[in-house]
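# Breakdown of the fold
Given next are the chains, with one letter for each unit.
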Amino acid sequence: MLLRWLLRIGIGLALLLILLAAGSALWFYQASRRPFPQIQGTISLPGLRAPVTVIRDRWGVPHIYASNLHDLFMAQGFIHAQDRFWQMEFWRHIGTGRLSEMLGKTTLNQDRFIRTLGWNRAAQQDLEALEPEVRTVLEAYAAGVNAYLEQNRDRLPLEFTLFRLFGRRWEIEPWQPLHTVAWAKVMAWDLGGNWDDELLNARIVEKIGPDRLGELVLPYPADRPVIVPTSVVETPPPEDAIRTLLDLGRELERLTMGAGPDSGSNNWVVAGSRSITGKPLLANDPHLSIQMPSIWYEVALHCEPVTPECPLQVAGASFPGVPGVVIGHNDRIAWGVTNLGPDVQDLYMERANPDNPLEVEFQGRWEPVRVITEEIRVAGQAEPVRLSVRVTRHGPVINDVVEALTRTQTLYAFRWTALEPSRIVHALLRLNQARNWEEFHEALKDWDVPGQNFVYADVDGHIGYQATGRVPIRAKGNGLLPVPGWTGKYEWTGYVPYEEMPRRLDPPEGFLVTANNAVVDPSYPHFLAAVWDYGDRAQRITDLLRTKERLSVDDMAAIQNDTFSLAAQAIVPYVLNLTFEDPLARQAQEILRAWDFRAVPDSAGPTIFETFLKHLLHEAWADELGEEIVRELLTGGSHNRYWARWALAQPDLSWWDDHRTPQRETRDDIVRRAFEQGVAELRARLGDDPRAWTWGKVHTATFTHGTLGQSGIRPIEAIFNRGPYPAPGTSAAVNNIGFNVQKGFAVRSLPSLRFIASTANWSDSRFIHTTGQSGLPYHPHYDDFIPMWLNGNYHPMPWAREEVERVAEGVLILQPR
């Protein structure tokens with residue numbers, strides 16, 4: 001009887017658990033699918049002036065057709081919100097320094113820093129200065145986002161549901177034009193900083209002195225496409241300031257949102273004289289941090305009919321939260337961007353009045369410091385955090401938000417062009433409507449921050465290049481190190497005039513290439529930057545473009561996906577010339593001897609090379625610079641590869657001698673030691689067979705959700721993250737898929753999209769970004785681009801409406817209410 005009774009209890013409990021599990025599964029299924037957008041039928045939107053048609057193609061790309069610009073941009077706002085509203089919500093809180101309202105005190109330091117710099121204040125001043133027609137566009141876009149919110153309060157993305165389960169609730173406000181403008185500040189910060197260079201230089205100077213800094217911060221190589229002036233090393237600040245900056249560097253590294261040294265981009269354009277179509281081809285792939293969902297959202301915007309009042313026809317990559325297209329083509333021109341990397345940030349050391357902390361010295365006189373009070377709301381706290389921001393003539397004082405600086409009497413003011421009035425939104429909208437080189441050039445006059453390299457192609461056969469950005473002219477110095485703010489000797493005296501920024505039209509060689517390499521030669525009269533990418537990607541692209549007299553779209557795709565390492569080609573021979581006693585080292589050496597220098601997942605060559613290079617640089621630097629600085633130098637980028645190439649060509653270079661040993665080491669001693677260390681590391685990590693040390697085992701891409709993807713709760717992370725996947729490419733290859741050496745070569749940056757435009761027939765253009773159009777987990781378009789992107793594939797960009805209709809997945813009519 002007792003056994004039977006226990007059996008019944010057990011069966012009952014099992015059935016109850018099954019029912020609970022089934023109920024939970026059903027709830028989760030509904031919660032995750034409820035936000036999926038309607039893509040068929042009709043939706044009424046208040047504020048529309050006429051019907052709008054949205055045709056989503058089978059890749060999830062919306063093609064929006066409207067009879068007026070108001071409705072076109074309103075529909076874009078609605079569609080962006082349908083697919084990516086959580087991303088937009090998160091981004092607007094970053095841009096305005098309000099992350100703590102969502103995430104609590106864990107992000108309070110980030111908010112304090114952003115509010116001190118004043119991204120929110122700068123965005124507000126930009127908004128107030130907008131022309132009426134630009135503000136009208138932003139208001140129409142905001143109306144579309146708000147129409148989505150009004151209709152979907154109970155169908156918001158899964159992230160909102162999960163945060164509420166965790167007890168986090170915040171007010172979901174109406175979208176405002178300010179939120180769009182603030183995103184421009186985020187991207188300006190991401191693409192416009194030279195903090196790492198300044199701070200690392202200061203730390204290196206402390207270790208080895210200013211005279212030897214030039215042995216690490218090398219001039220641009222003479223054998224790469226463009227030569228730049230050699231960097232000038234300034235006198236370093238006092239030792240106490242340097243020590244303070246060491247702490248500042250560690251604090252600020254947590255706050256940056258960039259992708260590290262491998263962030264950059266490629267773009268190039270080929271004239272019709274070198275194209276099989278007889279018309280120009282243009283290619284672009286911006287390199288940004290790996291994330292989920294993609295930073296980009298593909299869209300096509302069509303006025304139908306095209307009229308002087310509604311002239312827009314444009315397709316390409318947009319930012320969720322921003323109207324228009326950032327990279328793409330209209331019916332007349334195509335364009336692509338890479339980061340110019342001008343030095344637009346300076347740290348000024350300020351002397352405070354010992355009798356009045358709200359005054360600082362300037363040229364022998366005391367000047368008042370402006371004080372702004374910011375209030376930061378924090379989830380879980382009843383009272384806001386109040387922050388007093390001091391602002392000098394040079395910018396906001398950052399001492400109060402960096403703990404290390406609270407202990408110094410010297411104030412540090414941060415000057416940055418993005419904190420000054422900007423017209424980038426105006427530039428973007430004009431760019432979308434440009435019809436020729438002259439209108440393109442004029443539109444980019446207002447592309448003030450971040451500075452970019454634009455390449456251009458048009459249907460009339462012209463190709464061109466235009467550098468953009470508000471670049472300061474300094475009375476003295478080159479921005480490599482912090483400067484005294486009280487002397488007046490280091491002031492910004494103006495900005496490089498736009499008409500004097502570098503540009504080219506229809507070059508005789510028939511192509512233009514930019515890959516974050518040096519823009520100007522020594523004859524250029526203005527200082528743009530002290531440090532550039534060291535040119536391997538630019539050289540490789542140039543070499544590949546020269547291999548054929550006539551190039552096709554397929555050739556452009558092959559170049560974008562090229563994984564050949566010029567650095568490995570130059571460095572590996574120094575390993576092959578040595579002999580090793582260890583049989584495993586000899587096996588690894590033979591793998592390198594047979595390697596074709598391409599970084600593909602099933603090859604062991606790149607794994608052996610990259611591990612060796614890490615140890616080579618460590619052994620060359622650690623004895624003089626110390627482990628902490630070396631860890632930061634080993635984060636990657638083209639600098640390390642060029643430094644190794646430069647140093648290996650000098651067998652007696654002092655850096656080869658290890659000061660920790662009594663004997664004097666030679667180059668070959670350090671190469672041998674580094675290679676043996678690398679082999680030992682790989683044996684411990686991947687086993688005794690070097691053939692199994694394939695690149696795809698260590699160079700993996702995990703697309704991680706910006707908030708819940710790093711929650712530490714594996715079931716939650718599994719909902720939102722995708723990967724890891726074996727990834728091709730490597731640092732400084734054209735397929736520049738960068739990694740963090742300290743984390744075993746896991747991918748941290750990548751070509752965030754690949755775009756190829758054919759001006760002969762826009763429908764022959766191709767596109768792909770990293771993840772998928774949707775930001776909603778389990779939606780078919782959440783991750784469908786990942787295998788295409790990994791394999792170097794693209795989807796076509798149908799242009800004519802009848803072509804779009806042939807590949808339609810859904811047709812949605814937006815009706816005025």
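Refer to the structure above for everything that follows.
Summarised in this report is the structure supplied together with it. Just so it is clear, the structure is predicted and the values come from calculations on it, not from any experiment.

Analysis parameters
Residues numbered from 1 in each chain as written. Predicted model: local features only at pLDDT ≥ 70, side-chain atom pairs only at ≥ 80, totals over all residues. Heavy atoms only, no water. Disulfide = S-S within 2.5 Å. Buried < 20%, exposed > 50% of the residue type's maximum accessible area, 1.4 Å probe, protein only. Patch = residues over 30% accessible without salt bridge, like charges linked within 9 Å, V, L, I, M, F, W, Y side chains within 5 Å. Areas by Shrake-Rupley, 256 points an atom, 1.4 Å probe, with all protein chains shown as cover. Salt bridge = Lys/Arg side-chain N within 4 Å of Asp/Glu carboxyl O. Helix = DSSP H or I, 4+ residues; strand = E, 2+ residues; numbered from the N terminus. Phe/Tyr/Trp six-rings, centres within 6.5 Å; stacked < 30°, edge-to-face > 60°. Lys NZ or Arg CZ within 6 Å of the ring centre and 35° of its normal. Pairing = 2+ DSSP bridges.

## Points about the state of the cysteines
Applying the stated rule across the entire model yields one disulfide. One disulfide in the model links Cys303 with Cys310; its S-S distance is 2.0 Å. In this structure the cystine formed by Cys303 and Cys310 twists about its S-S bond by roughly -85°; its chirality is therefore left-handed. No difference in accessibility class separates Cys303 from Cys310, as the two residues are buried.

## A look at a nonpolar patch on the surface
On the surface, Leu165, Phe166 and Ile713 cluster together to form a nonpolar patch covering roughly 300 Å² of accessible area. With respect to the helices and strands, Ile713 occurs in the loop between β24 (700–703) and α23 (714–720). Relative accessible area serves as the criterion here: at 40%, Ile713 is assigned to the partly exposed category.

## Regarding the packing of aromatic side chains
Going through the model one piece at a time under the given rule, you end up with 39 aromatic pairs. Ring geometry for Phe163 versus Trp170: centroids 5.6 Å apart, planes at 80°, classification edge-to-face. Exposure class is identical for Phe163 and Trp170. Each is buried. Connected via pairs of aromatic rings, a cluster forms that spans Phe78, Phe85, Trp86, Tyr148, Phe160, Phe163 and Trp170. The aromatic ring of Tyr495 is capped on one face by Arg470, whose charged end is 5.6 Å from the ring centroid.

## What to know about the pattern of salt bridges
Tallied over the entire structure, the rule returns 49 salt bridges. The partner of Glu375 in a salt bridge is Arg386, with the nearest N and O atoms 3.1 Å apart. Of the two residues, Glu375 is situated in strand β13 (residues 370–376) and Arg386 in strand β14 (residues 385–392); the sequence distance between them amounts to 11 residues. By relative accessible area, which is 42% here, Glu375 ends up partly exposed. Take Arg386: its relative accessible area is 52%, and that puts it in the exposed class. For Lys614, the salt bridge is made with Glu681, and the minimal N-O distance between the two is 2.9 Å.

## Some words on the pairing of strand β5 (residues 281–289)
The element β5 is extensively covered by neighbouring structure, given that nine of its nine residues are classed as buried. Inspection of the sheet shows strand β4 (residues 264–270) paired to β5 by seven bridges, in the antiparallel sense. Pairing of Gly264 across the sheet is with His287, part of β5. Relative to strand β27 (residues 746–751), β5 runs antiparallel, the two sharing three bridges. Considered in β27, the bridge of Ser289 is made with Ser749.

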